[in-house]
4 protein chains.
Amino acid sequence: MSKIVIGNQIQKEFKNNWKYCIGTGRLGLALQQEYLDHLKFVQKEIGFTYIRGHGLLHDDIGIYREIDVEGEIKPFYNFTYIDRIFDSFLEIGIRPFIEIGFMPKLLASGDQTIFTWEGNVTPPKDYDKWTDLIRAVTQHFIDRYGVEEVTKWPFEIWNEPNLVNFWKNADKREYFKLYKKTATTIKKVNSNIQVGGPAICGGSDEWIVEFLEFCEKEDAPIDFVSRHAYTSRQPNKVTPDYYYQELTNNTKMLEEFKTVRRLIKSSAFPHLPFPITEYNTSYSPINPVHDTVLNAAYLARILSEGGDFVDSFSYWTFSDVFEERDVPRSQFHGGFGLVGLNEIPKPTFYLFSFFNKLGDAQLYQDEHTIVTKRRDGSIALVMWNLVMDKGEGREKEVTFEIPVEASHLFIKRQTVDEQHANPWKTWRDMGRPRFPSREMVETLRGVAQSLIRTDHLKAENGKISITVALTKNEVSLIEIIPVNDETETYIGLDDSLITSY
Amino acid sequence: MSKIVIGNQIQKEFKNNWKYCIGTGRLGLALQQEYLDHLKFVQKEIGFTYIRGHGLLHDDIGIYREIDVEGEIKPFYNFTYIDRIFDSFLEIGIRPFIEIGFMPKLLASGDQTIFTWEGNVTPPKDYDKWTDLIRAVTQHFIDRYGVEEVTKWPFEIWNEPNLVNFWKNADKREYFKLYKKTATTIKKVNSNIQVGGPAICGGSDEWIVEFLEFCEKEDAPIDFVSRHAYTSRQPNKVTPDYYYQELTNNTKMLEEFKTVRRLIKSSAFPHLPFPITEYNTSYSPINPVHDTVLNAAYLARILSEGGDFVDSFSYWTFSDVFEERDVPRSQFHGGFGLVGLNEIPKPTFYLFSFFNKLGDAQLYQDEHTIVTKRRDGSIALVMWNLVMDKGEGREKEVTFEIPVEASHLFIKRQTVDEQHANPWKTWRDMGRPRFPSREMVETLRGVAQSLIRTDHLKAENGKISITVALTKNEVSLIEIIPVNDETETYIGLDDSLITSY
Amino acid sequence: MSKIVIGNQIQKEFKNNWKYCIGTGRLGLALQQEYLDHLKFVQKEIGFTYIRGHGLLHDDIGIYREIDVEGEIKPFYNFTYIDRIFDSFLEIGIRPFIEIGFMPKLLASGDQTIFTWEGNVTPPKDYDKWTDLIRAVTQHFIDRYGVEEVTKWPFEIWNEPNLVNFWKNADKREYFKLYKKTATTIKKVNSNIQVGGPAICGGSDEWIVEFLEFCEKEDAPIDFVSRHAYTSRQPNKVTPDYYYQELTNNTKMLEEFKTVRRLIKSSAFPHLPFPITEYNTSYSPINPVHDTVLNAAYLARILSEGGDFVDSFSYWTFSDVFEERDVPRSQFHGGFGLVGLNEIPKPTFYLFSFFNKLGDAQLYQDEHTIVTKRRDGSIALVMWNLVMDKGEGREKEVTFEIPVEASHLFIKRQTVDEQHANPWKTWRDMGRPRFPSREMVETLRGVAQSLIRTDHLKAENGKISITVALTKNEVSLIEIIPVNDETETYIGLDDSLITSY
Amino acid sequence: MSKIVIGNQIQKEFKNNWKYCIGTGRLGLALQQEYLDHLKFVQKEIGFTYIRGHGLLHDDIGIYREIDVEGEIKPFYNFTYIDRIFDSFLEIGIRPFIEIGFMPKLLASGDQTIFTWEGNVTPPKDYDKWTDLIRAVTQHFIDRYGVEEVTKWPFEIWNEPNLVNFWKNADKREYFKLYKKTATTIKKVNSNIQVGGPAICGGSDEWIVEFLEFCEKEDAPIDFVSRHAYTSRQPNKVTPDYYYQELTNNTKMLEEFKTVRRLIKSSAFPHLPFPITEYNTSYSPINPVHDTVLNAAYLARILSEGGDFVDSFSYWTFSDVFEERDVPRSQFHGGFGLVGLNEIPKPTFYLFSFFNKLGDAQLYQDEHTIVTKRRDGSIALVMWNLVMDKGEGREKEVTFEIPVEASHLFIKRQTVDEQHANPWKTWRDMGRPRFPSREMVETLRGVAQSLIRTDHLKAENGKISITVALTKNEVSLIEIIPVNDETETYIGLDDSLITSY
């Protein structure tokens, strides 16, 4: 059992960069009711500022079309669906983080696609028509939502062009060309719109360097530098239903953050913002780790420390309403979502919900703990007990000594662990029903609640001491709230006069 | 540790007579939004058939008024509010169980009142005007809601006329007169409406006998015989905020049920239905027992066995929106409600919610247990560990051996005890805030959830064995549901390939 | 001006066969929030019993998939989306009218498709896999929704196989084969499920005859005979945005109903039910007539008389959320919907809403009028002034003499015409905005209300006389409701004492 | 027919002082669901900033109570209900305009009461206990809602103390004493809270003068001077259901505004804000004028010009949920409400809704017209045709010549008149049902919609000309909105190809 003594001193600001942005399945899914229900659910409890996903220009939203006007083929820009989608986002209180892509079929130079939904990943066959499209889309957003609103939306060009399946041949030169033409077009519509790239996945950080060199040399507009981060190894088993991978240490992700930050600092644009526009444990939408308590315990440290190195980092994704690997084939299927099908929150949802209760004044931080003070003087801390080995046991006990100003404190602890807020466990108890009945869904929602325990403590010498036992991969939020004790106002109060008390 | 072996045989029908009716604060409160929110909440989870409360004819609803028409005073019947109230009830899916009373001020023969809200408890000063009123009200209900609907509403005449504070001088003769005139008037409007009385509280069962003799002799209409039942002793301490009483054994209430049933059986109307139109532990709306887990554990046996003796029994009341002892002065104040102020369910709410999951085929019953089979073949049981002594400890462990048809079973257990679904405990941790802030209310709602635990069992020799440990005054629902195990359909499934599993 | 004298005699039952079923865009769209909002809107006001649309087996819902299990390709049936869709329908209070089709890509024998969304219209390449699929789907519906529910759903095999674009080569023999195999498979799952076909469009009624001969000869199960009906001529102009056609007389549709009914009567199955599973003026989803008042006035006679000849007729479709001709490119675009994009009801919506107020006892009917008595004794009539010529004017005035029992009558008239409930007109005033702003949508919803006018009439000699002037293509509902006049109960009432009255 | 030529010049700012505050029935009614539904309805369409009503300290809310603590009587402040009420207001987006009153029974020096609900109008029997109460209440508001919020709430002391029925003996000296003690106490809790009085009704403006002299001489805190204004004469007939009065000219009210403003200007506090904290045509809650179109036409000029003279004026009241003259006895009963029982908006509701569309730049104003420009460049005008004489006819026609910048204009006109948005008229057609059925309510809601007419105009020489005919007592809003005409983007568009167009 370890003991942690918290001081009175504020160490530094705790930044909620984890809350800036959240990932989503392709934007066309945002027409769906279940998608929107999940988004409302997440926003009510957590409240991200931006949402980012693929497919703005994909053919299901159908912005780019061509029509035959007396024998001449002309572009037609159809905003019916994208208006409905962005209207929904803004109503729900979240802003688009624009990702420019993929290629409309009619503009594509090839037929290479990605995902079951067939996003075209080839360069435009006609860059003039492409920039016409970009101009029309950007201008339409301003016409509909106003300059003040749209200049708050970052515009990121393409997604992971360093991968051959996301960008034909991972052709760097072609990407830089696309970037410059697109970014320049957007800036011409309104120079205050923020543009950026290259949105690469890990493993090719030379792209960062070369991209910034290109921007400098070619005078391409650049307002931020983006990258992705996943910490899973190559798969060790792939089945029709699941994709299994081991995870590296979570510190690997933090190292990647630092590395890229250094690259930016030593570039011609040392002060550019650096958002991570996607991250998660595994990059596979059918890796069961996403449904587990482990996923939450593993990512806790990223939420705790990531903001020290990057300006924002966007969890991929908020919901299992997702189709990159086809329509989900089971209630739990290893999807990325904070929220599973049928609006069932997963353990990682609670990780975010717990961090959302932290204050902005950091009192203490270690690899398993973050302790903060909130504006109202109360204290909020999150603890986690990440155990990456197999097997039972591995509990952990910690005693905190915490300075407090009040004499009476209300203690509220919320817990997610193998036994609580773990619908995946109950779903297995149910025999892993692929298409659960209404009753099963009710049960799964019922168990998907964090355990709440409360207590009342009296300070001694301006301090309280709290001992917390954590089970394997538990994550707990503890709030320590000064009490205005009204007990004495109940004249003649005596609980012992209640039978059995 | 005890062991209970459940047989395959259905012992008898388990009747949900506990679900027939629920009590409410005076009907005028049903105009309030918080009242209606609580009622919707209760109906969604439990779904009582009828709702019964005082004050139909009280002046706040204002049905009876008089107007001066060119010097002559004439009655005016105002249905503005009662229509709104009954419209709300029917929309929410609950029917009125009519209680005729109290006396409109303008019709009263005296000024004796009861409760902070001053219900007048004196006989009418003019029985003709009274019967005119009864006729008009009954006819209006039929005009608005239809004969088919209104003939489903029981009409009970007055409330606890055997108490001097509810009926002037507890004048039995006067009550019988009121009863006959009122019941006869209602029957003249529509003879299919069910009428009854005498709605007495305990301790005067000679009223039952004499009332039935009166009906026989005087040929008064009578369709049911009603009575109330509370099991608390005289108060041992009364403070401005609380009223403390000890409880007798809960078997006393069951004895009272049997006694009155015997009296009816030996009367001239041996087959009359016998509803208990009010019951609870304490009859005081400021007795803290109502807020406790004990209250749930204590009443469990009543819900389990009460239906064997009475046709229905109506818990008093569904909500702490209640004003008999003035506007509640604190979040928890010992109110009768299943639901506390700010829509916070109390432990007894879960008792009802658990019983609502039982089937109608009883497999086993003892003083701490009821085991049933449901129509879909699953098994549901409720257990409780009532401990009326003070002090810690007093856990209990029981092993059930239960016959099952399926080979795999999903086990779902829901628990209310001192640590779970007990917002009263957390409220004390908070320093008993009288008027809690929004944040406090959120916490109280958060803790007011039953603990859900699930498991997966395999049958051996057509049986499963479940061992359950109950803490002091715990009530648990256990559902045993056949599993259609789909695990094998996931080709190559291997949870051990997930890091740490 | 004409005069119509209504008699007291009930002529016959007025059947609401128009209300049995409504058409929808492909089922995959039912995942969308806007789709579901429109459906709720329509059901609240009208309340159809069934909903029928294409695409149950289309790849966007994704029921049929194949997976590689250790080198062997096996079918996988994914019900994630169809469960969500049918759950939604049943929650909203409408049942599926199943249409079996189109062909999953992996089962298709060819690559011919129809519509922007590419429904495959070729026969199965393997009839065993096809019947396996049909069996699995039917069985799943029963597992999830119960036998009692599913045996209420008609199953119709394919759509318009007599057209080469809906069924490869319009191959009749192949269709009969598909029909028999499919219907037989369904009946094997549960013999009480109703199956039928051939769901042909007009112009090939020999299919009806041969289909019924086939069923007789081959002993194929057959519970109903279905057909479609549209009354528009070949297009006289086709533009990228609109498809223009003239309409024939609406009596042509009624003639078609009669013709097919005769064919059935003279077949081996003379008593089979005959549902029209699609009808409308134009069969094009971009014909502007659908947005007009004319469409309502034109179809009024079909709703009035169609039920005399067919067992049901299903308007195609309830909503402009529809993609057969791509994502709609403008607020109004000639879509089939009763409800336009952004939940704006069109004139034809009100036609249905008006007919929904009719009683089931017909007192009078002519080609412009239907007069009925309702169960509560009130009278409801719908009138229309169909004018298919161009130009202004063409008003019409009719006087009704109607027998009534009450002495005082409340008259409520609701009107849709060029000036009222005609958002298309206002949209043109706005400059035909393709993607209207929120404010514009509010205005369009505001104008899309029927005009309501009320009056109070006194009967003379048991009759009232009402003169109604109708503008060109107006449709009006008039309700004549007995009044219980309470005016005299207001003592001393004198409106003339109000300033200016 | 008159012609009005509007210039390009902005005459002055048009102030929406009419929107600052709205009156309500006693605050205790705000616990009711129907009350809150009406308030949401009004706020959605109009959006007042403050709400003011009687009864904060009345015994139904129950703030002031006394308890016996071991023989000693101590005050107890119960905030259960007032918290719920103010929570509701703030959630709905409206702030309390505090009115201090009436006297809790336990603090009252006498038993004189006002209204059916018996507000006590006597001075406190103990000014120390009174100021303790005021201090506790004010402090509680700050504790619960924060200083920033509460310092936005004006605190007005008492109501109409110049009337003997609102303040015992209309004792001016006693009022001044109450005022000073109360205002001083509030300021001691927080000196930024705004306090004011004397809240007199008309006819005693010497109170204004003497009150201000008192404040100066006695150094009493004073932040605003308030008064009421009604324009009805003495009743000419009073019946059990209705109270009939003639109205004076509406200019009388404007004269009163000016008079009091002059009195303030010549006082020692010349710059004090001057809110009218109540106004309406009649001061009686059973005067049928409130339900009529006349009421709207009459008040239009007050809304148009009132803001020139007073800082705010608060219409009395938003809803017919009101009990000063007992529970309403009929659907329409002459209540003050913008919204009638059963959430049916009355004509005056639309007057406010129309004014809510005006811009803040006034282009033109006369006694029947107000023309404004909005920030987005569109024009909005309200016209009314007040006719206080009896009889039919009295239509009016006006032609406007209005300068516009755009070449195409969309014209939207909304109308309330005898035939439209006049549910009172339809209710009379129905036979004046006191307690209408659900169906009747639906009809009344249906007719209570303003008529919307739209048009499209082309500018000529930078102007448009609009001719408007107004019926007797019509009020119309006309919006003139620049059109971005997209008609030409529909290639080959030809409406004449639609049958009959």
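Conventions and cut-offs
- Residues numbered from 1 in each chain as written.
- Chains lettered and ligands numbered in written order.
- Predicted model: local features only at pLDDT ≥ 70, side-chain atom pairs only at ≥ 80, totals over all residues.
- Heavy atoms only, no water.
- Helix = DSSP H or I, 4+ residues; strand = E, 2+ residues; numbered from the N terminus.
- Rg over C-alpha atoms; globule rule 2.2 N^0.38 Å.
- Buried < 20%, exposed > 50% of the residue type's maximum accessible area, 1.4 Å probe, protein only.
- Contact = heavy atoms within 4.5 Å.
- Areas by Shrake-Rupley, 256 points an atom, 1.4 Å probe, with all protein chains shown as cover.
- Lys, Arg positive; Asp, Glu negative; His and termini not counted.
- Charge placed at Lys NZ, Arg CZ, Asp CG, Glu CD.
- UniProt positions renumbered as here; feature names shortened; annotations may be inferred.
- Domains from an automatic or database assignment.
- Buried area = accessible area lost by both parts, 1.4 Å probe.
- Salt bridge = Lys/Arg side-chain N within 4 Å of Asp/Glu carboxyl O.
- Polar contact = N/O pair within 3.5 Å; in protein donor to acceptor, adjacent residues only side chain to side chain.
- Pairing = 2+ DSSP bridges.
- Axes fitted to C-alpha atoms, helices over the stretch in contact; angles between N-to-C directions.
- Parallel < 35°, antiparallel > 145°, perpendicular 65-115°, else oblique.
- Left-handed = near helix turned anticlockwise from the far one by under 90°.
- Nonpolar A, V, L, I, M, F, W, Y, C, P; charged D, E, K, R; others polar.
- Least-squares fit on C-alpha atoms with pLDDT ≥ 70 in both.
- Right-handed = clockwise from strand over helix to strand, strands pointing away.

1. Points about the overall build of chain A
The helix and strand tally for chain A stands at 11 helices and 27 strands. Relative to the globule expectation of 23 Å for 501 residues, the C-alpha radius of gyration of chain A, 25 Å, shows essentially globular dimensions. Seen along its three principal axes, the alpha-carbon backbone of chain A occupies a region of about 90 × 55 × 50 Å. Taken over 501 residues, chain A has a buried fraction of 65%. Expressed as a percentage of contacts within chain A between residues at least 6 apart in sequence, the contacts between residues at least 24 apart total 74%. When the accessible area of chain A is evaluated, it comes to approximately 17,600 Å², of which 45% is carbon and sulfur surface. Separation of charge centres in chain A, based on 58 positive and 72 negative side chains, amounts to 3 Å.

2. Comments concerning the UniProt feature "domain: Glycosyl hydrolases family 39 N-terminal catalytic" (unreviewed entry) in chain A
Mapped onto the present numbering, the UniProt feature "domain: Glycosyl hydrolases family 39 N-terminal catalytic" (unreviewed entry) falls at residues 8–460 of chain A. Along residues 8–460 of chain A one finds 30% helix and 25% strand; the C-alpha atoms at either end are 15 Å apart.

3. Things to note about the domain arrangement of chain A
Residue and element names in this part refer to chain A. Domain parsing of chain A yields domain 1 (2–9 + 360–485) and domain 2 (15–356). A C-alpha centroid distance of 32 Å is found between domain 1 and domain 2. Of the residues lining the interface, 34 residues belong to domain 1; the matching set on domain 2 comes to 31 residues. Summing both sides of the interface, domain 1 and domain 2 together bury roughly 2,700 Å²; the carbon and sulfur share of this comes to 68%. Of all residues in domain 1, Met388, Trp424 and Arg434 give up the largest surface area on contact with domain 2, accounting jointly for 22% of the area buried on that side. At the boundary of domain 1 and domain 2, one finds 2 salt bridges. Between arginine 301 and glutamate 367 there is a salt bridge whose closest N-O contact spans 3.7 Å. Linking domain 1 with domain 2 are 6 residue pairs in polar contact (both at pLDDT 80 or more). For the side of domain 1 that touches domain 2, the secondary-structure elements that each account for two or more residues are strand E20 (361–366), strand E21 (369–373), strand E22 (379–384), strand E24 (408–416), helix H10 (423–429), helix H11 (438–447) and strand E27 (475–482).

4. Side note on unusual backbone geometry
Trans is the prevailing form of peptide bonds, just as negative phi is the prevailing case for residues other than glycine. Note that the residue after tryptophan 316 of chain A, namely threonine 317 of chain A, is joined by a cis bond; omega there is 20°. Counting through the fold element by element, threonine 317 of chain A comes out in the loop between strand E17 (312–315) and strand E18 (339–340). The peptide bond linking glycine 101 of chain D to phenylalanine 102 of chain D adopts the cis configuration, its omega dihedral lying at -15°. If you trace the backbone, phenylalanine 102 of chain D turns up in the loop between strand E8 (98–100) and strand E9 (113–114). Residues other than glycine seldom take positive phi values, yet aspartate 219 of chain B does so here, at roughly 60°. Checked against the element boundaries, aspartate 219 of chain B lands in the loop between helix H6 (206–218) and strand E13 (224–230). We note that aspartate 326 of chain B has phi near 75°; this positive angle belongs to a residue other than glycine. Tracing the backbone shows aspartate 326 of chain B in the loop between strand E17 (312–315) and strand E18 (339–340). Using a relative accessible area of 15% as the deciding quantity, one classes aspartate 326 of chain B as buried.

5. Describing the sheet that holds strand E27 (residues 475–482) of chain D
Residues and elements named next belong to chain D. Across the sheet, 7 strands lie side by side as E2-E20-E21-E22-E27-E24-E25; this open sheet has antiparallel pairing. The sheet is open, and its two edges are formed by strand E2 (12–13) and strand E25 (451–458), each paired on a single side. Sheet analysis places strand E24 (residues 408–416) next to E27, joined by 8 bridges and oriented antiparallel. Paired with arginine 413 across the strands is isoleucine 478, a residue of E27. The strands touched by helix H8 (residues 293–305) are strand E20 (361–366), strand E21 (369–373), strand E22 (379–384), E24 and E27; relative to E22, the strand with the most contacts, the crossing angle is about 130°.

6. Concerning the pattern of salt bridges
Applying the stated criterion to the full structure yields 164 salt bridges over all chains. Residue aspartate 389 of chain C is joined to arginine 394 of chain C by a salt bridge in which the shortest nitrogen-to-oxygen separation is 3.0 Å. Residue arginine 144 of chain D is joined to aspartate 87 of chain D by a salt bridge in which the shortest nitrogen-to-oxygen separation is 2.9 Å. Placement of arginine 144 of chain D in helix H3 (residues 127–145) and of aspartate 87 of chain D in helix H2 (residues 80–92) is noted, with a sequence separation of 57 residues between them. Relative accessible area serves as the criterion here: at 22%, arginine 144 of chain D is assigned to the partly exposed category. With relative accessibility at 12%, the residue aspartate 87 of chain D sits in the buried group.

7. Comments concerning the packing of H3 of chain D against helix H5 (residues 172–189) of chain D
Residues and elements named next belong to chain D. Close contact between H3 and H5 brings their axes to 9 Å; oriented N to C, the two are set at 40°. Compared by their axis directions, H3 and H5 come out oblique. When the axes of H3 and H5 are compared, the crossing they make is right-handed. Judged by residue contacts, Tyr127, Trp130, Thr131, Ile134, Arg135, Thr138, Gln139 and Ile142 of H3 engage Glu174, Lys177, Leu178, Lys181, Thr182, Thr185, Ile186 and Val189 from H5. Here the contact of H3 with H5 is built from residues that sort into 7 nonpolar, 5 polar and 4 charged.

8. A few points about the environment of aspartate 223 of chain D
All names here are of chain D. You can see aspartate 223 is positioned in the loop between helix H6 (206–218) and strand E13 (224–230). On the basis of relative accessibility, which here comes to 17%, the residue aspartate 223 falls in the buried class. Expressed as a C-alpha distance, the spacing of aspartate 223 and proline 154, which sit 69 residues apart in the sequence, is 8.8 Å. Within the structure, aspartate 223 has its side chain in polar contact with the side chain of lysine 187 (distance 2.8 Å).

9. So, the interface of chain A and chain B
Interface size is often expressed as the accessible area that is lost when the parts come together. With 63 residues of chain A at the interface, the matching set in chain B holds 63 residues. Each partner contributes to the roughly 5,200 Å² buried at the junction of chain A and chain B, and carbon and sulfur atoms together form 53% of this total. Looking at the side of chain A that touches chain B, the elements that each hand over two or more residues are strand E15 (243–247), helix H8 (293–305), E24, H10, H11 and strand E25 (451–458) of chain A. Take the side of chain A that touches chain B: its biggest share by element is 6 residues, from H10 of chain A. Across the side of chain A that touches chain B, the residue classes break down as 25 nonpolar, 20 polar and 18 charged.

10. Some points on the relation of the copies chain A and chain B
In the superposition of chain A on chain B (RMSD 0.0 Å, axial shift 0.0 Å), the rotation amounts to 180°. Taken together, the rotation and translation relating the two chain copies correspond to the operation of a two-fold axis. In terms of C-alpha distance to the rotation axis, chain A has leucine 451 of chain A as its closest residue, with the C-alpha 4.0 Å off the axis.

11. Overview of the sheet that holds strand E25 (residues 451–458) of chain B
Residue and element names in this part refer to chain B. Overall, antiparallel pairing links the 7 strands, which are arranged E2-E20-E21-E22-E27-E24-E25 in an open sheet. At either end of the open sheet lies a strand with only one pairing partner, and these are strand E2 (12–13) and E25. In terms of strand pairing, strand E22 (residues 379–384) meets strand E27 (residues 475–482) through 6 bridges, oriented antiparallel. Within E27, the residue paired with isoleucine 379 across the bridge is isoleucine 480.

12. What to know about the UniProt feature "active site" (unreviewed entry) in chain A
Here the UniProt feature "active site" (unreviewed entry) sits at Glu160 of chain A. With residues up to four places along the chain from it excluded, the contact list for glutamate 160 of chain A reads Phe166, Pro198, Ala199, Ile200, Cys201, His228, Tyr230 and Glu278 of chain A.

13. Focus on the pairing of strand E16 (residues 275–280) of chain A
All names here are of chain A. Here E16 lies mainly inside the structure; 6 of its 6 residues are buried. The pairing of strand E13 (residues 224–230) with E16 spans 4 bridges and is classified as parallel. Note that in E16 the partner of tyrosine 230 across the bridge is asparagine 280. Strand direction decides the pairing type here: E16 and E17, joined by 3 bridges, are parallel. Residue pairing across strands places isoleucine 276 opposite phenylalanine 313, the latter belonging to E17. Once you follow E16 into H8 and on to E17, the crossover reads as right-handed.

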